[in-house]
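Here is what each chain is made of, one letter per residue.
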Amino acid sequence: MEVEENPQSLPQGHPRPQENEFSPDFLKLYYGRLFPYAEMHKWLSYGNDGKHPGCDTSYFSRREFSFTLEHDIYLRYLSFHDAAAMEAAIREKCPHKIDIGAVYNVEPTKRTAYSSVGGDKVFSPVERELVFDVDMTDYDDIRSCCSGADICLLCWPLMTIAVKVVDTALRDDFGFEHILWVYSGRRGVHCWVCDSRARRLTNEQRSSIAEYFRVCKGNEMNGKKVAFTGPALHPCLLRAYTEVLKKYFEEKILPNQNLLAEENFMKVLEMVPDENLRSQMRIKWQSSSSSNEEPNSKRWKQLKTFLEQGKSKGQALRRCVEEIIFSYTYPRLDMEVSKHMNHLLKAPFCVHPKTGRVCIPIDPNNCEAFNPLEVPTLSKLLDELNRVDTELDPRLKDWERTSLANSIHFFRSSVLEPLARTNKAELESSYRVKLQEMASKPNLSW
Amino acid sequence: MEFKVSGIKRGSLGDGGDGAGVSSRLSFYQNSSDVDVSLEDFEQFALDRLRVLKGIEEARSRGRKQEEVDTLVIDLWRKYMRTPNAADLAAKDMISHFVLRLAYCRTEDLRRWFLGMETALFRARFRAEPPDAQRKFMEDQKLPYKAISAAEFASVKEKLGQVARSMNQPVPNVDHTFYKVPFEEVPELVSARRVYLQRGFAFVPRDQLASIVVGQFRTRLTKALALTSRLWTTTIAVEEKDRLTPIVEALSMRYLGADYSQPSKGSVGLQDLDNLAKMSFPLCMRHLFFNLRHDHHLKFGGRQQLGLFLKGIGLKLEDALSFWRSEFTMKMSVEKFDKEYAYSIRHNFGKEGKRVDYTPYSCMKIITSTPGVGDHHGCPYRHFSQENLRVVLEDQQLNPRAVEAVMDKVRNRHYQLACGTAFEAIHGCPSDGINHPNQYFEQSRRALQGDEEEIPPKGLQSGAVQGVSSHPGESTPLPVP
């Protein structure tokens, strides 16, 4: 990927102001030549594309989509029979945002035929990926480099942490395999768990998984957000701590956010539940504030030492170090997004209207290398399209000539291919079961 | 589930055993097969089971601890679900469950109540079973819960220990049985991180297993109730309107509580009445009492309602006679009183005519009565206009917020809850649910005298009585497991 030029002297890591990265004309071209319709259809059909005798040809058409058009016009309960219909609709309407909803028992466009009568046929969701949404604004209380919609390379590691911790837990604890992580286009990441076991989860089960990931509770009022009561951490928290959190806190978050600098350290000290210790540290640090060297790591070492010594004094300090680290690093998921089957979530490969960036997949095995500031923008992609490069193979498709190539290749190889193998196996086994059932029933009913 | 009904006198009801499992007496009540039931058994079995369920409700509303409730449930079960022939117990269990399912499927409130009580009942019965029976039951029901081997335990022992310690619990050793269960089955344990997860399986200790099985019971019964409800409205109610429907509909209305025919504690003297009326009478009886004092007369409905109530609180026959006489003879001669009114007072006490000792009216009966012009009986929360009721409540020194709370219940037609709210406002402590004016009186005496002793009246105290069509489901919300 090309590196963004940075002509103005901006603070290190901050993105260039977004001008002309997005326009409806660009979007039209994008939908005309670059959006991966076939790949999206392949993903969302989960093998029900009509080739296998056991497949459900209505499956794709029962999926809800929604479009947000220019001027915030919102179209819901859209559905399409096949990839061609979806492509035609997107190209025609040119939506600024495309959301994906659940697979319902009936085509969403035909839902009104079913809702009214209080009988068995109520329009309801049948399947839906397990989804997660991590938004940087939920971390505003612990980052000082940016706020609101802005992000930079100093706070982005928080997202890296989230991807690592959640991805590992989803695989090791819950046994899921087909997990897609996507950049949300501006300030966060989305996760789509595509295993059939995940798609069939009830709202209650989704809720319980979201709660499993919740560690930070409370708000500014109670001061402390994380409280570990027992003498040990649950294995999933311990794993997150030893494999990800401790390292990232000490190497990235602590220095990046200047957590123990003069103006900031009181906030950290407030998490220590021992008045004496707090005053001790405060006095100690206030007196050393004239030193020029970077204070964070030294002070953190001091605090850790004092807390270790303090453990013998009482229960409250026992897990204080962990509590601080968790507060500043542990993933903060949007609970509401995950809990309901019918919650709409932005589709991968959409373009974010405010930034012009494409919502490309993130490789969880390489998420430390992901740089949100280098994600291709609409204007850049179109520049690449227009470039006439005689060295490039003329048989290449449009998208293969742009920075989007890597993302689409990744989507195919890491998500679509494994999913296709699983889909096939599942279709075949359920088809065999169905055949057996039919064979065992007598043909005549009497 | 189908209800096979035949057109003859002997009712045929879909029910049956739980398939296999002689050693397990439990059931998810899912399968049905035909068994012949007499109409009398149809009703009686259901009533017996209802007594058990109401007993559970009462124990829970009194805030009893889980273990106490479980023990009580087993006692109640043995007491009411006894059959002359031990082999018939399973049939009685089935039949009574299905009949009550019919009775309690018709409204959301009824369904919720039934689900809560049946789940508690199942839970107690499951936990009382020995581990072998529990395992057999789970096998029979094809629940995917496998105990892990010693080898597997060894491989996850450290993690299980971490989970236990994270909850301040002792570390498990190889004597503790753990079950490997799909994580979807234990959402509460997953959400609280109270369980070790590995590749989609949760390692659940044996004592948590009960809650999973109970969870299954709950889910299945919820679905079944919804289905039954639909079947009831579409087919059964009409088909059975001459036979089973009246029985079923009456079941959910049935008052099963103490009848207060024998005054429980001591007696009440004449001179106490005015004081007691001011402090401890429920609104309906206050109204009657003070109208009697004012008009020196009450019409028949009022005499019955108040008279029986006074008998229930301990007023003796001689005192009752002199009480009524003293009032009535302010407007008439003693001879007239003795000739026309004394007889019926003695009749109420079972001293005349067929010598039935009449029981004081329950709330349900009072609410459904229809006072006319000049009458003062009935339930003020039901029968007074809202303006009049408000005035009366304010007269009783209720603060505006309490008045609003009561009026709100009245607007939603929860008359007994309104009475309970008024009780709470007056006495400063919550009521145990009001189903009977004498119950109000007793609770009031207890609250005012700070009595620690429980008064066990004859029969069972019951919590809320479920209303039917004319009075939309009325229930005191109870915590559901």
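A quick note: this is a predicted structure, and the numbers were derived from the prediction, not measured.

**Q** A description of the packing of aromatic side chains should follow, citing residues and the corresponding values.
**A** Under the counting rule described, the total for this entry stands at 53 aromatic pairs over all chains. The interplanar angle of 65° and the centroid separation of 5.6 Å between the aromatic rings of Y31 of chain A and F35 of chain A together place this pair among those described as edge-to-face. Given a relative accessible area of 6%, F35 of chain A falls into the buried group. When the ring of F132 of chain A is compared with that of F213 of chain A, the centres are 5.7 Å apart and the planes differ by 80°; the resulting orientation is edge-to-face. Of this pair, F132 of chain A sits in strand β5 (residues 130-135) while F213 of chain A sits in the loop between α7 (203-212) and α8 (235-256), placing them 81 residues apart in sequence. The exposure classification of F132 of chain A matches that of F213 of chain A, with both residues buried. Members of the aromatic cluster, connected to one another through ring pairs, are F281, F289, F290, F309, F323, W324, F328, F337, Y341 and F441 of chain B.

**Q** Any details on the interface of chain B and chain A? Residues and values, ideally.
**A** In this complex, chain B contributes 21 residues to the contact, which on the side of chain A involves 29 residues. Interface area for chain B against chain A, summed over the two sides, is near 2,100 Å², with a carbon-plus-sulfur share of 55%. Of all residues in chain B, F183, R193 and R199 of chain B give up the largest surface area on contact with chain A, accounting jointly for 32% of the area buried on that side. Taking the shortest distance from any N to any O, the salt bridge between E184 of chain B and R197 of chain A comes out at 2.7 Å. Scanning the region where chain B abuts chain A turns up 10 residue pairs in polar contact (both at pLDDT 80 or more). If you list the elements that add at least two residues to the side of chain B that touches chain A, you get α6 (150-166), α7 (187-191) and β5 (196-198) of chain B. Per-class residue counts for the side of chain B that touches chain A are nine nonpolar, six polar and six charged.

**Q** So what's going on with the sheet that holds strand β7 (residues 188-193) of chain A? Which residues, and what values?
**A** Residues and elements named next belong to chain A. Across the sheet, four strands lie side by side as β5-β7-β6-β9; this open sheet has antiparallel pairing. Two strands lie at the open edges of the sheet, namely β5 and β9 (361-362), each paired on one side alone. Examined bridge by bridge, strand β6 (residues 179-183) and β9 share two bridges and lie antiparallel to one another. Residue pairing in the sheet places V182 in a bridge with P361 of β9.

**Q** Outline the UniProt feature "binding site: [4Fe-4S] cluster" (unreviewed entry) in chain B, listing residues and values.
**A** All names here are of chain B. UniProt feature "binding site: [4Fe-4S] cluster" (unreviewed entry): in the numbering of this structure it lies at C284, C363, C379 and C419. In summary, the annotated positions, though distributed over 136 residues, converge in three dimensions, the widest C-alpha pair being only 10.1 Å. If you trace the backbone, C363 turns up in helix α16 (residues 363-367). Apart from the residues lying within four places of it in its own chain, the contact partners of C363 are Q416, I434, N435, H436 and P437. The buried category is assigned to C419, whose relative accessible area is 9%.

**Q** Requested: an account of helix α12 (residues 300-313) of chain B, with residues and values cited.
**A** Residue and element names in this part refer to chain B. Here α12 spans 20 Å end to end across 14 residues, near enough to the 20 Å set by a 1.5 Å rise per residue. Burial of α12 is extensive: 13 of the 14 residues sit out of reach of the surface. Backbone geometry just downstream of α12 places G314 in the positive-phi region, at approximately 120°.

About the thresholds
- Here, residues in each chain are numbered from 1, in the same order as that chain's written sequence.
- Here chains are named by letter from A upward and ligands by number from 1 upward, in the order in which they appear as written.
- Where totals are concerned, whole chains, interfaces and linings use all residues; where local detail is concerned, this predicted model gives features only for residues with pLDDT of at least 70, and gives and counts side-chain atom pairs only at 80 or more.
- Hydrogen atoms and water are omitted, and side-chain values are computed over all heavy atoms in the structure.
- When the centres of two rings from Phe, Tyr and Trp lie within 6.5 Å, Trp using its six-membered ring, the rings pair. Their planes under 30 degrees apart give stacked, over 60 give edge-to-face, and anything left gives tilted.
- Residue burial is assigned from relative accessible area. The probe radius is 1.4 Å, only protein chains are included, and a residue is buried under 20% of its type maximum, exposed over 50%, and partly exposed in between.
- Elements are defined by DSSP. Helices are runs of H or I of four residues or more, strands are runs of E of two residues or more, and each kind is numbered from the N terminus.
- Should any heavy atoms of two residues lie within 4.5 Å, those residues are considered in contact.
- Note on terms: buried area is the combined drop in 1.4 Å-probe accessible area of two parts once they are placed together, counting the loss on both.
- Here a salt bridge means any side-chain nitrogen of Lys or Arg lying within 4 Å of a carboxyl oxygen belonging to Asp or Glu.
- N or O atoms within 3.5 Å of each other form a polar contact, as long as, within protein, one can give a hydrogen and the other can take it, and as long as residues adjacent in sequence are counted only when both atoms are side-chain atoms.
- Amino acids outside the nonpolar list (Ala, Val, Leu, Ile, Met, Phe, Trp, Tyr, Cys, Pro) and the charged list (Asp, Glu, Lys, Arg) are all regarded as polar, and Gly is one of them.
- Strands are treated as partners if at least two bridges between them are detected by DSSP.
- UniProt positions are given in the numbering used here, feature names are shortened, and annotations may be inferred rather than shown by experiment.
- Given the number of residues in a helix, its expected span is that number minus one, multiplied by 1.5 Å.

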